[in-house]
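Fold and contact review
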Amino acid sequence: MRGASRAVEGVRAYGLIAGMWIRSTMAYRASFVLTVVGNLLLTGLDFVTILLMFSQVDALGGWTLPEVALLYGLSVTAFGIAQLAFGSVASLGGRVRDGSFDTLLVRPVPVLAQVAADRFALRRVGRGVQGVVVLGWALVAVEVDWSVGKVLLVPVTVVCGAVIFSALFVAGGAFQFLAQDAAEVQNAFTYGGTTLLQYPPSVFGRDLVRGVTFVLPLAFVNWVPAAHLLGRPYPLGLPEGAAFAGPLVALVCVLPAAAVWRLGLRSYRSTGS
Amino acid sequence: MGSWRVYPAVVVGGFRRYATYRVATAAGVFTNTVFGLILVYTYLALWEARPGLGGYDQAQAVTYVWLGQALFAMLAFQGGGFEVELMERIRTGEIAVDLYRPVDLQLWWLANDVGRAVFQLLGRGVVPFVFGALFFPTALPGEVAVWGAFLLVLMAALVVSFAIRYLFALSAFWLLDGQGVAQALMVTGLFCSGMTLPLNAFPGGLGEVVRVLPWAAQLQVPADVLMGESALWEALVFQGAWAVALLAVGRLVQSAATRRVVVQGG
């Protein structure tokens, strides 16, 4: 019961802090619109690159453009949601370094909610919007033998993917309690992860695919469910039910991320400045 | 112009300043290596489907990837060099103090950026490049002369990179808020330099345009010199022309900006 009430409290606080930052952003409406457009352009570069590649070839690793677009849409939409909600955790190292993290500890609000909502950047919706547009086009363009299960699989996959990426952001933030200057390491997993998933698993080396399936289960963000939708063989010959394992995998990611976060928080020592 | 001895001192200062952050450097090396790995596999698939794309074979495409990762921090493709600081100084008004100093503003920042770039080439570039060369088939030259030519072209690439970022930074005199400029710098830097796809693999008219823009001088030209796809003199003429033109425009914009400068703050 105590855990549940703390979670409700955390979400409420998150909403209040995020709302405050949105109001502050909206004070400069034109600047906000411009940065959203810039964000759309910047995050769209990845897809432009894929389009340029497909202007030269018909298939990449045996996958056609609509199929790769499906991978891209799922990966970027999930990542966009996670980055909007938890992306601010990545700048935790700065707050530890300059000592302003101490103020978060004395407030009667869960620390994670404060860190995640810190400088809440609404401009980041650009990435998610761009992902949804590509996903929408891909769903129309691919040849899928639609069933109720397959239709339901799409939103479930997006939500689970967002949870998996959010867990990565939180774990990365916890790592910064240990090494404040090493913030860039987590980019390799977050931005690197979403980039990797934009391409079919058949492109990558077997060991790399094994790693992102069994060690860091990114494959469940899109590779496995997309293979199910398209009627393609699963990577690494995973069993048939693996496409629906998303919620379970998401849970398996959240638990260690939460544990690592608590561990990092407990080991925190103020710089004293 | 001030005393000429001051600029080497600024170069050394820039180098030592970045050399202080060892953990951050190691973290950057790790991230560049991971991104290199991801890109290498996608390029291998692309060149398998279309052998000889852009005149490269697979080994050359792989070399291109690791070169891009090695130069990523040095040439600040997505920003993060001196221009962040310069824009902040313009925004806060501290630029007034800089203009009062008996040194040339453009040369001062160039020296500062050269120091940073040399450290980032050594600190962040070498390890991912060696990693790539060890674990993937690459097309690296055996002759020392080619490597010498490559270093020369690299220095020219840095000057062009500086000149582009200097122009972007000066826009802060008019815009003040640097966020949109930083985004524009990032988009053009990543895309037009060929960080996402080699410029010689761009299709049709788009390819012809991006290959003559100044950004081509940063990654495509050094890669072509290293892999023997382009003659040294050809590369240097292209880079030199853009460097001179952009530095000159930078001076013009600078004098226009400083004639109407209104210092912020009180």
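Residues numbered from 1 in each chain as written. Chains lettered and ligands numbered in written order. Predicted model: local features only at pLDDT ≥ 70, side-chain atom pairs only at ≥ 80, totals over all residues.

All right, on to the overall build of chain A then. Helix and strand counts for chain A come out as twelve helices and zero strands. Element order for chain A, N to C, with α for helix and β for strand: α-α-α-α-α-α-α-α-α-α-α-α. Expressed along its principal axes, the backbone C-alpha trace of chain A runs to roughly 60 × 45 × 35 Å. (Helix = DSSP H or I, 4+ residues; strand = E, 2+ residues; numbered from the N terminus.)

The helix and strand tally for chain B stands at twelve helices and zero strands. Secondary structure of chain B in N-to-C order comes out as α-α-α-α-α-α-α-α-α-α-α-α. Here the C-alpha atoms of chain B give a radius of gyration of 19 Å, agreeing with the 18 Å that 2.2 N^0.38 yields for 266 residues. Referenced to the eigenvectors of the C-alpha coordinate spread, the extents of chain B come out at roughly 60 × 40 × 35 Å. Counting over 266 residues, chain B shows a buried share of 47%. Contacts spanning at least 24 positions in sequence make up 81% of the contacts within chain B whose residues lie at least 6 apart. (Rg over C-alpha atoms; globule rule 2.2 N^0.38 Å. Buried ≥ 20, exposed ≤ 12 C-beta atoms within 10 Å, placed from the backbone. Contact = placed C-beta atoms within 7 Å.)

Moving on, we come to helix H3 (residues 65–86) of chain A. For H3 of chain A, which comprises 22 residues, the first-to-last C-alpha distance of 31 Å matches the rise-based estimate of 32 Å (1.5 Å per residue) to within 8%. Counted residue by residue, H3 of chain A has 21 buried out of 22 residues, so it is predominantly covered. (Expected span 1.5 Å × (residues − 1).)

Moving on, we come to the confidence of the model for chain B. Looking at chain B as a whole, the pLDDT averages 92, with 97% of positions reaching at least 70. What the predictor reports for the complex is a pTM of 0.92 with an ipTM of 0.91. (pLDDT = per-residue confidence, 0-100.)

Right, let's get into the nonpolar core. In this structure, Ile164 and Val170 of chain A together with Val160 of chain B are the most contacted members of the largest nonpolar core, which totals 159 residues. Here this core takes 15 residues from H3 of chain A, the largest share from any one element. Excluding its chain neighbours within four sequence positions, the residues that come into contact with Val160 of chain B are Pro214, Ala217, Gln218, Gln239, Trp242, Ala243 and Leu246 of chain B. (Core = buried A, V, L, I, M, F, W, Y, C linked by C-beta atoms within 7 Å.)

In this assembly, 31 residues from chain B lie in contact with 31 residues from chain A. Broken down by secondary-structure element, the contributors of at least two residues to the side of chain B that touches chain A are helix H2 (22–49) and helix H9 (179–192) of chain B. Residue contributions to the side of chain B that touches chain A peak at 14 residues, all from H2 of chain B.

Residues and elements named next belong to chain A. Between helix H8 (residues 148–178) and helix H9 (residues 183–196), the least distance of the axes is 9 Å, while the angle of their chain directions is 170°. In terms of their interaxial angle, H8 and H9 are classed as roughly antiparallel. Across from Phe165, Leu168, Phe169, Gly172, Phe175 and Gln176 in H8, the residues of H9 making contact are Ala183, Val185, Gln186, Phe189, Thr190 and Gly193. Of the residues contributing to the contact of H8 with H9, the split by class is seven nonpolar, five polar and no charged. (Axes fitted to C-alpha atoms, helices over the stretch in contact; angles between N-to-C directions. Parallel < 35°, antiparallel > 145°, perpendicular 65-115°, else oblique. Nonpolar A, V, L, I, M, F, W, Y, C, P; charged D, E, K, R; others polar.)

Attention now moves to the packing of H2 of chain B against helix H6 (residues 105–135) of chain B. All names here are of chain B. Put simply, H2 and H6 touch, their axes get as near as 9 Å, and they point 35° apart. Between H2 and H6 the crossing geometry is right-handed. Residue-level inspection shows Thr25, Gly28, Val29, Asn32, Thr33 and Gly36 of H2 in contact with H6, the latter providing Gly123, Arg124, Val127, Pro128, Phe131 and Gly132. (Left-handed = near helix turned anticlockwise from the far one by under 90°.)

All names here are of chain A. The end-to-end C-alpha distance of helix H7 (residues 125–141), which contains 17 residues, comes to 24 Å, matching closely the 24 Å that a straight helix rising 1.5 Å per residue would cover. Those residues of H7 that fall on the buried side of the exposure criterion are Gly126, Arg127, Gly128, Gln130, Gly131, Val134, Leu135 and Ala138. Where the residues of H7 are buried, they touch helix H2 (29–54) and H3.

Residue and element names in this part refer to chain A. The topology assignment puts Val158 in helix H8. It is 17 Å that separates the C-alpha atoms of Val158 and Gly87, two residues lying 71 residues apart in sequence. Non-local contacts of Val158, meaning those with residues more than four positions away in its chain, are made with Leu74, Thr77 and Ala78.

In this section: the environment of Val76 of chain A. Residues and elements named next belong to chain A. Topologically, Val76 is positioned in helix H3. Exposure remark for Val76: the 30 C-beta atoms within 10 Å place this residue in the buried category. When the C-alpha atoms of Val76 and Val134 are compared, they prove to be 9.0 Å apart, with 58 residues separating the residues in sequence. With residues near it in sequence (within four places) discarded, Val76 still touches Arg127, Gln130, Gly131, Val134 and Thr194.

Moving on to unusual backbone geometry. The backbone phi angle of Arg119 of chain A is positive, close to 50°, even though this residue is not glycine. For Arg119 of chain A, the location among the structural elements is in the loop between helix H6 (111–117) and H7. Residue classification places Arg119 of chain A among the exposed positions, given that 12 C-beta atoms sit within 10 Å. Positive phi values are uncommon outside glycine, yet Ala76 of chain B reaches one of about 45°. Within the fold, Ala76 of chain B resides in the loop between helix H3 (58–71) and helix H4 (82–92).

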